Amino acid sequence: MDRTILHCDCNGFYASVECILSPELKNVPMAVCGNPENRHGIILAKNELAKKYNVQTAETIWEAKKKCPDLVLVPPHHDEYKKYSRIVNQIYERYTDKVEPFGIDESWLDVTEKSTEPMQYPLVQQSIIALV
Ligand SMILES: [Mg+2]
């Protein structure tokens, strides 16, 4: 039997969590980055406003600041990302009991048993957006 598998990937996950923790960060171009003092000083994630300046994940802070001088830099909070990753997966579990997390912001959802019903996949997306 063919199986129906959804791949769910949160965009800018670290940055989205930071915007939940500090809502004022939604209103400024912001990126989560490693320590600027050492070699881990790269962009790990960026919010929507930073995307407008073409700030890219994995580029150096120096490159990002050249494109967006007012870019607000935020250090990562990995414990919070783990917490929100669990919350996101709990939302997926409303749609199927077969959820396989893959990394912190991606999951595979086996919705084979649901797929005979007229399942509305956008509902999953809307639930996540409502959370953020
Ligand atoms: Mg992602």
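Residues numbered from 1 in each chain as written. Predicted model: local features only at pLDDT ≥ 70, side-chain atom pairs only at ≥ 80, totals over all residues.

Caption draft 1: The nonpolar core, seen in detail. In terms of nonpolar packing, the biggest core is built from 22 residues, with Tyr14, Ala15, Ala31, Val32, Ala45, Ala50 and Val55 touching the most fellow members. Counting only elements with at least two residues in this core, the list comes to helix H1 (13–21), strand E2 (30–33), strand E3 (43–46), helix H2 (48–52) and helix H4 (78–92). Built from parts of two domains, this core gets at least three residues from each of domain 1 (5–10 + 78–131) and domain 2 (13–74). For Ala50, the contacting residues outside a window of four places in its chain are Pro29, Met30, Ala31, Val55, Cys68 and Leu71. (Core = buried A, V, L, I, M, F, W, Y, C linked by C-beta atoms within 7 Å. Buried ≥ 20, exposed ≤ 12 C-beta atoms within 10 Å, placed from the backbone. Helix = DSSP H or I, 4+ residues; strand = E, 2+ residues; numbered from the N terminus. Domains from an automatic or database assignment. Contact = placed C-beta atoms within 7 Å.)

Caption draft 2: Summary view of the sheet that holds strand E4 (residues 72–74). Judged by pairing direction, the sheet is mixed, and its three strands sit side by side in the order E3-E2-E4 without closing on themselves. Sheet topology places E3 and E4 at the edges, where each strand pairs with a single neighbour. In this sheet, neighbouring strand axes are inclined to one another by 35 degrees on average, regardless of whether the strands run parallel or antiparallel. Relative to E4, E2 runs parallel, the two being bridged by three bridges. By the bridge assignment, Val32 is partnered in E4 with Val74. Contacts between H1 and the sheet are confined to E2, E3 and E4, with E2 contributing the most and set at about 115 degrees to the helix. (Pairing = 2+ DSSP bridges. Axes fitted to C-alpha atoms, helices over the stretch in contact; angles between N-to-C directions.)

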